[in-house]
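Architecture and fold: a report
Residue-level listing of the chains:
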Amino acid sequence: QLIEDICNRDVGHPEFAESLRQLSEKLLFLKNNPNLAGVGAAGKAIKDIEPEIVKLKTKAASRVRQYLNDQFALLKKPKTNIQLIQRDVLLRYRHLPAFLKEHHVDVFIEVCNGYSELVGKLYADHIRNYLSELGRLQVELYAKGDVLISENPSTLRIAHVPLMLRQLNLPASSRSLYDLMNRDSVLSDLEEKPIIAHVLDSQGGKLLPERVFKSLNQILLDVVATEIIFTMEFFQLTAEQNKVIFGGIFKGAIYAVLEAMRTAVNNTQDVYVILLLGVLNELENLTEVIGQ
(Lines give C-alpha, C1' and ligand atoms only; values in the text may rest on other atoms or scores of the structure.)
Protein backbone atom coordinates (compact mmCIF):
# COMPACT_ATOMS: atom_id res chain seq x y z
CA GLN A 1 0.00 0.00 0.00
CA LEU A 2 2.89 2.35 0.74
CA ILE A 3 4.30 1.86 -2.75
CA GLU A 4 0.87 2.32 -4.31
CA ASP A 5 0.23 5.57 -2.44
CA ILE A 6 3.64 7.07 -3.13
CA CYS A 7 3.52 6.19 -6.84
CA ASN A 8 -0.13 6.84 -7.67
CA ARG A 9 -2.01 8.70 -4.95
CA ASP A 10 -2.73 12.39 -5.47
CA VAL A 11 0.12 14.24 -3.74
CA GLY A 12 -2.38 16.62 -2.14
CA HIS A 13 -4.41 13.77 -0.61
CA PRO A 14 -4.14 13.13 3.16
CA GLU A 15 -3.31 9.46 2.53
CA PHE A 16 -0.28 10.49 0.47
CA ALA A 17 0.83 12.67 3.39
CA GLU A 18 0.52 9.67 5.73
CA SER A 19 2.44 7.40 3.37
CA LEU A 20 5.11 10.06 2.99
CA ARG A 21 5.40 10.19 6.78
CA GLN A 22 5.84 6.40 6.92
CA LEU A 23 8.44 6.49 4.16
CA SER A 24 10.28 9.24 6.01
CA GLU A 25 10.39 7.09 9.15
CA LYS A 26 11.84 4.16 7.21
CA LEU A 27 14.46 6.37 5.57
CA LEU A 28 15.45 7.84 8.92
CA PHE A 29 15.75 4.36 10.38
CA LEU A 30 18.07 3.29 7.57
CA LYS A 31 20.07 6.49 7.93
CA ASN A 32 20.45 6.16 11.71
CA ASN A 33 21.23 2.41 11.70
CA PRO A 34 23.70 1.84 8.84
CA ASN A 35 25.41 -1.05 10.60
CA LEU A 36 22.31 -3.22 10.82
CA ALA A 37 22.18 -4.08 7.12
CA GLY A 38 23.26 -7.69 6.50
CA VAL A 39 23.58 -8.58 10.22
CA GLY A 40 21.31 -11.48 11.15
CA ALA A 41 17.91 -12.23 9.66
CA ALA A 42 16.59 -8.73 10.34
CA GLY A 43 19.72 -7.22 8.86
CA LYS A 44 19.37 -9.34 5.73
CA ALA A 45 15.77 -8.18 5.34
CA ILE A 46 16.89 -4.55 5.69
CA LYS A 47 19.61 -5.07 3.09
CA ASP A 48 17.10 -6.57 0.68
CA ILE A 49 14.51 -3.84 1.07
CA GLU A 50 16.86 -0.81 1.24
CA PRO A 51 17.26 -0.40 -2.57
CA GLU A 52 13.47 -0.41 -2.97
CA ILE A 53 13.09 2.22 -0.22
CA VAL A 54 15.69 4.41 -1.94
CA LYS A 55 13.86 4.05 -5.27
CA LEU A 56 10.63 4.98 -3.53
CA LYS A 57 12.33 8.04 -2.05
CA THR A 58 13.40 9.15 -5.52
CA LYS A 59 9.88 8.65 -6.84
CA ALA A 60 8.37 10.56 -3.94
CA ALA A 61 10.82 13.45 -4.36
CA SER A 62 10.03 13.69 -8.08
CA ARG A 63 6.26 13.75 -7.51
CA VAL A 64 6.53 16.23 -4.63
CA ARG A 65 8.70 18.57 -6.71
CA GLN A 66 6.20 18.54 -9.58
CA TYR A 67 3.25 19.07 -7.26
CA LEU A 68 4.89 22.02 -5.51
CA ASN A 69 5.81 23.61 -8.83
CA ASP A 70 2.20 23.22 -9.96
CA GLN A 71 0.99 24.89 -6.75
CA PHE A 72 3.48 27.73 -7.15
CA ALA A 73 2.19 28.26 -10.69
CA LEU A 74 -1.18 29.26 -9.19
CA LEU A 75 0.49 32.47 -8.06
CA LYS A 76 0.99 33.54 -11.69
CA LYS A 77 -2.71 33.86 -12.44
CA PRO A 78 -3.73 37.49 -13.09
CA LYS A 79 -5.05 39.42 -10.08
CA THR A 80 -4.08 36.60 -7.72
CA ASN A 81 -3.68 37.55 -4.06
CA ILE A 82 -0.29 35.95 -3.38
CA GLN A 83 -0.57 36.18 0.40
CA LEU A 84 -4.01 34.52 0.32
CA ILE A 85 -2.72 31.56 -1.72
CA GLN A 86 0.28 31.23 0.57
CA ARG A 87 -1.83 31.23 3.72
CA ASP A 88 -4.88 29.23 2.64
CA VAL A 89 -3.34 26.80 0.12
CA LEU A 90 0.43 26.39 0.28
CA LEU A 91 0.85 26.21 4.05
CA ARG A 92 -1.34 23.10 4.11
CA TYR A 93 1.46 21.31 2.26
CA ARG A 94 4.49 22.36 4.30
CA HIS A 95 5.13 18.66 5.04
CA LEU A 96 6.20 18.30 1.37
CA PRO A 97 9.24 20.61 1.39
CA ALA A 98 10.04 19.19 4.85
CA PHE A 99 10.37 15.72 3.29
CA LEU A 100 12.63 17.06 0.55
CA LYS A 101 14.76 18.98 3.01
CA GLU A 102 15.27 15.87 5.14
CA HIS A 103 15.77 13.26 2.44
CA HIS A 104 16.58 14.91 -0.90
CA VAL A 105 18.43 18.20 -0.41
CA ASP A 106 19.24 18.67 -4.11
CA VAL A 107 15.55 18.63 -5.02
CA PHE A 108 14.75 20.85 -2.02
CA ILE A 109 17.22 23.49 -3.23
CA GLU A 110 15.85 23.21 -6.77
CA VAL A 111 12.30 23.81 -5.49
CA CYS A 112 13.45 26.75 -3.37
CA ASN A 113 15.26 28.34 -6.30
CA GLY A 114 12.27 27.85 -8.57
CA TYR A 115 9.96 29.46 -6.03
CA SER A 116 12.37 32.35 -5.47
CA GLU A 117 12.69 33.06 -9.20
CA LEU A 118 8.94 32.89 -9.84
CA VAL A 119 7.84 34.98 -6.87
CA GLY A 120 10.65 37.48 -7.32
CA LYS A 121 9.45 38.20 -10.86
CA LEU A 122 5.85 38.51 -9.66
CA TYR A 123 6.79 41.04 -6.97
CA ALA A 124 8.91 43.06 -9.40
CA ASP A 125 6.04 43.16 -11.90
CA HIS A 126 3.61 44.12 -9.14
CA ILE A 127 5.80 47.02 -8.02
CA ARG A 128 6.26 48.24 -11.60
CA ASN A 129 2.51 48.10 -12.25
CA TYR A 130 1.79 49.92 -9.00
CA LEU A 131 4.40 52.52 -9.87
CA SER A 132 2.77 53.00 -13.27
CA GLU A 133 -0.63 53.53 -11.64
CA LEU A 134 0.74 56.10 -9.20
CA GLY A 135 2.80 57.72 -11.95
CA ARG A 136 -0.37 58.69 -13.79
CA LEU A 137 -1.41 60.67 -10.72
CA GLN A 138 1.99 62.27 -10.08
CA VAL A 139 2.52 65.98 -10.71
CA GLU A 140 5.39 68.43 -10.27
CA LEU A 141 4.73 71.47 -8.10
CA TYR A 142 7.48 73.63 -9.60
CA ALA A 143 8.63 74.27 -13.15
CA LYS A 144 12.11 74.82 -14.55
CA GLY A 145 11.69 78.59 -14.54
CA ASP A 146 10.76 78.80 -10.85
CA VAL A 147 13.63 80.26 -8.81
CA LEU A 148 14.07 81.08 -5.15
CA ILE A 149 14.40 84.80 -5.77
CA SER A 150 12.10 86.16 -8.44
CA GLU A 151 11.35 89.74 -9.43
CA ASN A 152 7.82 88.67 -10.24
CA PRO A 153 6.55 85.91 -7.89
CA SER A 154 3.32 85.83 -9.86
CA THR A 155 5.16 83.92 -12.58
CA LEU A 156 5.70 80.91 -10.30
CA ARG A 157 3.74 77.86 -11.36
CA ILE A 158 2.13 77.49 -7.94
CA ALA A 159 0.76 81.01 -8.24
CA HIS A 160 -1.44 79.76 -11.06
CA VAL A 161 -2.41 76.27 -9.90
CA PRO A 162 -4.83 76.50 -6.97
CA LEU A 163 -6.63 73.48 -8.43
CA MET A 164 -3.41 71.45 -8.26
CA LEU A 165 -2.93 72.44 -4.62
CA ARG A 166 -6.44 71.28 -3.82
CA GLN A 167 -5.78 68.01 -5.63
CA LEU A 168 -2.61 67.57 -3.58
CA ASN A 169 -4.41 68.54 -0.37
CA LEU A 170 -1.95 71.38 0.23
CA PRO A 171 -2.84 74.77 1.72
CA ALA A 172 -3.33 77.30 -1.08
CA SER A 173 -2.81 80.23 1.29
CA SER A 174 0.96 79.72 1.50
CA ARG A 175 2.06 79.37 -2.10
CA SER A 176 5.76 80.05 -1.80
CA LEU A 177 9.07 78.41 -2.65
CA TYR A 178 10.07 79.12 0.94
CA ASP A 179 7.10 77.26 2.40
CA LEU A 180 6.87 73.48 2.67
CA MET A 181 3.08 73.82 2.62
CA ASN A 182 2.81 70.96 5.10
CA ARG A 183 4.59 68.55 2.76
CA ASP A 184 6.76 67.34 5.63
CA SER A 185 3.68 65.53 6.96
CA VAL A 186 4.79 62.70 4.65
CA LEU A 187 7.48 61.96 7.24
CA SER A 188 4.96 61.20 9.96
CA ASP A 189 2.88 58.04 10.34
CA LEU A 190 5.17 55.62 8.54
CA GLU A 191 2.54 52.92 9.18
CA GLU A 192 0.03 54.78 7.02
CA LYS A 193 -1.83 52.55 4.56
CA PRO A 194 -0.44 52.56 0.99
CA ILE A 195 -2.32 54.64 -1.56
CA ILE A 196 -4.97 52.87 -3.64
CA ALA A 197 -4.49 54.49 -7.03
CA HIS A 198 -7.94 54.02 -8.50
CA VAL A 199 -9.61 55.33 -5.33
CA LEU A 200 -7.46 58.48 -5.31
CA ASP A 201 -8.08 58.93 -9.04
CA SER A 202 -11.84 58.69 -8.57
CA GLN A 203 -11.56 61.45 -5.97
CA GLY A 204 -9.63 63.67 -8.37
CA GLY A 205 -6.50 63.51 -6.22
CA LYS A 206 -2.89 63.98 -7.32
CA LEU A 207 0.47 62.99 -5.85
CA LEU A 208 3.87 64.59 -5.41
CA PRO A 209 6.92 62.33 -5.90
CA GLU A 210 7.57 61.96 -2.17
CA ARG A 211 4.08 60.53 -1.65
CA VAL A 212 4.63 58.07 -4.49
CA PHE A 213 7.94 56.92 -3.01
CA LYS A 214 6.49 56.56 0.47
CA SER A 215 3.61 54.43 -0.77
CA LEU A 216 5.97 52.27 -2.84
CA ASN A 217 8.13 51.66 0.21
CA GLN A 218 5.11 50.81 2.33
CA ILE A 219 3.91 48.25 -0.22
CA LEU A 220 7.34 46.67 -0.45
CA LEU A 221 7.93 46.58 3.31
CA ASP A 222 4.55 44.90 3.86
CA VAL A 223 5.32 42.29 1.22
CA VAL A 224 8.82 41.67 2.58
CA ALA A 225 7.54 41.04 6.09
CA THR A 226 4.82 38.67 4.88
CA GLU A 227 7.14 36.79 2.55
CA ILE A 228 9.84 36.27 5.17
CA ILE A 229 7.31 34.81 7.60
CA PHE A 230 5.86 32.54 4.90
CA THR A 231 9.14 31.17 3.56
CA MET A 232 10.49 30.47 7.04
CA GLU A 233 7.32 28.55 7.95
CA PHE A 234 6.67 26.78 4.65
CA PHE A 235 10.26 25.71 3.98
CA GLN A 236 11.01 25.35 7.71
CA LEU A 237 14.11 27.51 7.72
CA THR A 238 15.96 29.50 10.33
CA ALA A 239 16.25 33.24 9.80
CA GLU A 240 19.83 32.83 8.56
CA GLN A 241 18.94 29.99 6.19
CA ASN A 242 16.02 32.00 4.87
CA LYS A 243 18.28 34.99 4.21
CA VAL A 244 20.76 32.86 2.26
CA ILE A 245 18.17 31.01 0.15
CA PHE A 246 15.57 33.70 -0.42
CA GLY A 247 17.56 36.91 0.02
CA GLY A 248 17.35 37.63 -3.70
CA ILE A 249 13.56 37.48 -4.05
CA PHE A 250 13.16 41.24 -3.83
CA LYS A 251 16.12 42.24 -5.98
CA GLY A 252 13.94 43.17 -8.97
CA ALA A 253 11.33 44.95 -6.85
CA ILE A 254 13.93 47.00 -4.98
CA TYR A 255 15.64 47.89 -8.23
CA ALA A 256 12.29 49.19 -9.58
CA VAL A 257 11.80 51.38 -6.50
CA LEU A 258 15.34 52.74 -6.63
CA GLU A 259 15.03 53.45 -10.36
CA ALA A 260 11.80 55.35 -9.69
CA MET A 261 13.53 57.33 -6.96
CA ARG A 262 16.53 58.07 -9.23
CA THR A 263 14.25 59.22 -12.04
CA ALA A 264 12.29 61.48 -9.69
CA VAL A 265 15.47 63.10 -8.39
CA ASN A 266 16.94 63.58 -11.86
CA ASN A 267 13.81 65.07 -13.39
CA THR A 268 12.42 67.24 -10.62
CA GLN A 269 12.84 70.99 -10.32
CA ASP A 270 11.64 70.73 -6.73
CA VAL A 271 14.39 70.75 -4.10
CA TYR A 272 11.93 69.57 -1.46
CA VAL A 273 11.37 66.34 -3.38
CA ILE A 274 15.08 65.52 -3.10
CA LEU A 275 15.22 66.38 0.59
CA LEU A 276 12.04 64.50 1.49
CA LEU A 277 13.05 61.41 -0.48
CA GLY A 278 16.36 61.36 1.32
CA VAL A 279 14.75 61.60 4.74
CA LEU A 280 12.11 58.98 3.89
CA ASN A 281 14.77 56.60 2.68
CA GLU A 282 16.68 57.04 5.93
CA LEU A 283 13.59 56.58 8.08
CA GLU A 284 12.32 53.48 6.34
CA ASN A 285 15.75 52.06 5.49
CA LEU A 286 14.32 49.39 3.24
CA THR A 287 17.57 47.69 2.29
CA GLU A 288 18.62 47.28 5.91
CA VAL A 289 15.21 45.86 6.89
CA ILE A 290 15.48 43.20 4.19
CA GLY A 291 19.06 42.42 5.17
CA GLN A 292 17.99 41.75 8.73
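Residues numbered from 1 in each chain as written. Predicted model: local features only at pLDDT ≥ 70, side-chain atom pairs only at ≥ 80, totals over all residues. Heavy atoms only, no water.

What follows concerns the environment of Lys251. With respect to the helices and strands, Lys251 occurs in helix 11 (residues 251-267). On a C-alpha basis, the gap between Lys251 and Tyr123 in space is 9.5 Å, while along the polypeptide they are 128 residues apart. (Helix = DSSP H or I, 4+ residues; strand = E, 2+ residues; numbered from the N terminus.)

This brings us to the packing of helix 9 (residues 209-234) against helix 11. Across the interface, helix 9 lies against helix 11 with an axial gap of 11 Å and an inter-helix angle of 170°. Of the possible angle classes, the one that applies to helix 9 and helix 11 is roughly antiparallel. Residues Pro209, Phe213, Leu216, Asn217 and Leu220 of helix 9 form the contact with helix 11, whose own contacting residues are Ala253, Ile254, Val257, Ala260, Met261 and Ala264. When grouped by side-chain class, the residues that make up the contact of helix 9 with helix 11 number 10 nonpolar, one polar and no charged. (Axes fitted to C-alpha atoms, helices over the stretch in contact; angles between N-to-C directions. Parallel < 35°, antiparallel > 145°, perpendicular 65-115°, else oblique. Contact = heavy atoms within 4.5 Å. Nonpolar A, V, L, I, M, F, W, Y, C, P; charged D, E, K, R; others polar.)

A word on the packing of aromatic side chains. Two descriptors summarise a pair of aromatic rings, namely the distance from one centre to the other and the angle between the planes of the rings. Here the structure, examined in full by the defined rule, presents 11 aromatic pairs. With a centroid separation of 6.2 Å and 70° between ring planes, the pair formed by Phe108 and Phe235 is classed as edge-to-face. One end of the pair, Phe108, is in helix 6 (residues 105-135); the other, Phe235, is in the loop between helix 9 and helix 10 (239-246), and 127 residues separate them in sequence. Phe108 sits in the buried class, given a relative accessible area of 4%. Owing to a relative accessible area of 1%, Phe235 belongs among the buried residues under this scheme. Look at Tyr123 and Phe250: their rings are 5.3 Å apart centre to centre, the planes differ by 20°, and that puts the pair in the stacked class. Highlighted residues: Tyr123 in helix 6 and Phe250 in the loop between helix 10 and helix 11, separated in sequence by 127 residues. For Tyr123, a relative accessible area of 4% gives the class buried. A network of ring pairs unites the aromatic residues Phe72, Phe108, Tyr115, Phe230, Phe234, Phe235 and Phe246 as a single cluster. (Phe/Tyr/Trp six-rings, centres within 6.5 Å; stacked < 30°, edge-to-face > 60°. Buried < 20%, exposed > 50% of the residue type's maximum accessible area, 1.4 Å probe, protein only.)

Next up on the list: the pattern of salt bridges. The tally for this structure, following the rule as stated, stands at 14 salt bridges. Here Glu102 makes a salt bridge to Lys31, at a shortest N to O gap of 3.8 Å. Of this pair, Glu102 sits in helix 5 (residues 95-103) while Lys31 sits in helix 2 (residues 14-32); the two residues are 71 residues apart in sequence, bridging distant segments of the chain. On the basis of relative accessibility, which here comes to 38%, the residue Glu102 falls in the partly exposed class. Judged by its relative accessible area of 54%, Lys31 falls in the exposed class. A salt bridge links Arg65 to Glu110, with the nearest nitrogen and oxygen atoms 3.2 Å apart. One end of the pair, Arg65, is in helix 3 (residues 40-73); the other, Glu110, is in helix 6, and 45 residues separate them in sequence. (Salt bridge = Lys/Arg side-chain N within 4 Å of Asp/Glu carboxyl O.)

So, to be careful, I would describe these as geometric facts and stop short of saying anything about function.
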